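This is what each chain is made of:
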Amino acid sequence: MSDENHFDVIIVGTGAGGGTLTHRLAQSGKRILVLERGKFLPREKANWDTVQVFQRDRYHTDEIWYANDTTQLRPGVGYWVGGNTKVYGAALFRLRKRDFERVVHKGGISPEWPLKYGDFAPYYARAERLYNVHGKRGLDPTEPEMAEEYPFPAVQHEPRIQEVHDALQQKDLHPFYVPLAIKLDEADRTNSACIRCDTCDGFPCLVHAKGDADVNCVRPASAIPNVTLMTEAKVTRLHTGPSGLEVTGVETQVRGRNHLFSADIVVVSCGAINSAVLLLRSANHRHPNGLANSSGQVGRNFMKHQNGALVAVAKKLNPTIFQKTLAINDFYWGDEVFEYPMGHVQLMGKVNKDMLGMDAPAFAPGMALAQMARHSVDWWLTSEDLPDPDNRVSVVNDRITLRYKDNNVEAYDRLVRRWSEVLKSIDCGERIIPCSFYFRKKIPLQGVAHQVGTCRFGEDPSATVLDIHCKAHGLDNLYVVDGSFFPSSGAVNPALTIAANALRVGDHLIDRMG
């Protein structure tokens, strides 16, 4: 292999894990190759078109995966520079301090992490600065201790949401501002990159005002001469040397042609599902069950959260444009009736008639849907998805297969009922209906935006895939840096924890390389 194809570091993938790691390592002076199977997401009017984005899945892959071996599904993932952060809702939460401990749920056990909140806290702060996170400390009773205020001020509520906020406080609840990764200057709206539009949550940002891994991390890093970004470069297999103790080749299809690259350190950051798939597809005589899989745990313990969306239709008009500003965790650890954790509630972006139309009967008049949307306040509910070794990613006949069975369902159902009661008590939900935001009602298996697990980290090589630095057990130069490493999922969006961990691993790699 020629010297020009050998690098100090190869990073496979540019999402919250790979993109953040690229940014961290860019200033190291090391020769870095970043391989991204997608292109840059195009800037086009369709970025803000509900029909194109949601009904036609314009920015999701057209790949077909399989559920439980036989049922076809089209996954809710996009292959772009920046990965799924290009279309995420930009809500960047820290896991709660207790999420790192062993937690008993009604549906089972959430295991203890080998590292604790204190190990991640400084990296959370760095990730919040890197991603332009807006928020306000001290309002959420479940909030872990933090050494400093958010780097940017909280995104203010519009009048109708402020009314909801005040009504919740009168019920002795503790609403707080969603920590949002957006480039907004409310004190100087004329020069603000973010314009507080109604096409943020789930949409690409046409004006590049969302704090995503592409704009905030990959673009500035790839401008540095020692970093090479190669798009339309799909890694198909990792090769090991005769000893099987290190990765010696990264087989890649670049715009239809095969290339072989090598590096002193190889980092896989394809997302929890595709990272597991790559390791499994890289099986060889030294690793017959796939790379890093001597424990048999690669692909197991796949989690995606128990997620769902509710539309609360009230008599009162809701003219809010940028709605995703309020969250509540009063039921995160349960309530006076249910002693087990229930989960997290946050506002979604404002729904419109085209979103509601995804669930409505074909004969439903558009005027009625538009009227309903004008009176709705729209919520996203998350309960913890518990690790189960039988919930797993497999490669069957060269097809990506997800074997998955819902768990912790009672906690999610109780959260839905409890939140519905709260909304009706504040006259914010005369009608509560499921909403097809992203997919359908309670998000089914193809809704894998919160994918974690599959390559959990830990100190026991017989029970985990990665060590505490996210290096593969038994392979000296292979790391996995995305949501794969999570031992449990918590009940908040995982992106900030993925980014914080990438910064943590980045520090380790810089120390290792000297």
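Residues numbered from 1 in each chain as written. Predicted model: local features only at pLDDT ≥ 70, side-chain atom pairs only at ≥ 80, totals over all residues. Heavy atoms only, no water.

(A) Region of the structure containing the overall build of the protein. When its secondary structure is counted, the protein shows 10 helices and 22 strands. The C-alpha radius of gyration computed for the protein amounts to 22 Å, which stays within 12% of the reference 24 Å derived for 514 residues, consistent with globular compactness. Structurally, the protein occupies a C-alpha span of about 70 × 50 × 50 Å along its principal axes. Scored against the burial criterion, the 514 residues of the protein give a buried share of 61%. Contacts spanning at least 24 positions in sequence make up 73% of the contacts within the protein whose residues lie at least 6 apart. About 19,600 Å² of surface is accessible on the protein, with carbon and sulfur atoms providing 50% of the total. Positive and negative side-chain charges of the protein, numbering 59 and 60 respectively, have mean locations separated by a distance of 4 Å. (Helix = DSSP H or I, 4+ residues; strand = E, 2+ residues; numbered from the N terminus. Rg over C-alpha atoms; globule rule 2.2 N^0.38 Å. Buried < 20%, exposed > 50% of the residue type's maximum accessible area, 1.4 Å probe, protein only. Contact = heavy atoms within 4.5 Å. Areas by Shrake-Rupley, 256 points an atom, 1.4 Å probe, with all protein chains shown as cover. Lys, Arg positive; Asp, Glu negative; His and termini not counted. Charge placed at Lys NZ, Arg CZ, Asp CG, Glu CD.)

(B) Fine view of the side chain of D212. Position of D212 relative to the elements: it lies in the loop between β10 (180-181) and α5 (213-222). At a separation of 3.0 Å, a polar atom in the side chain of D212 contacts the main-chain amide nitrogen of D214. Looking at D212, its side chain comes within polar contact range of the main-chain nitrogen of V215, at 2.7 Å. (Polar contact = N/O pair within 3.5 Å; in protein donor to acceptor, adjacent residues only side chain to side chain.)

(C) Helix α9 (residues 409-425), seen in detail. Here α9 contains 17 residues, and its C-alpha end-to-end distance of 25 Å stays within 8% of the 24 Å for a straight helix at 1.5 Å per residue. Where α9 is concerned, the buried positions are A411, Y412, L415, V416, W419, S420, V422 and L423. The buried residues of α9 all sit within an arc of 165 degrees when viewed along its axis, so they share a single face. D427 occupies a position one or two residues after α9 and carries a positive phi of about 55 degrees. (Expected span 1.5 Å × (residues − 1). Arc of directions from axis to C-beta.)

(D) The pairing of strand β2 (residues 32-35), seen in detail. By the alternation rule, side chains of β2 split into I32 and V34 and L33 and L35, which are all buried. As defined by bridge partners, strand β1 (residues 6-12) adjoins β2 across 4 bridges and the pair is classed as parallel. Bridge assignment links I10 to a residue of β2, and that residue is L33. Following the backbone out of β1, through helix α1 (residues 18-26) and into the adjacent parallel β2, one traces a crossover that is right-handed. Bridging between β2 and strand β11 (residues 227-230) involves 4 bridges; their strand directions are parallel. Note that in β11 the partner of I32 across the bridge is V227. (Pairing = 2+ DSSP bridges. Right-handed = clockwise from strand over helix to strand, strands pointing away.)

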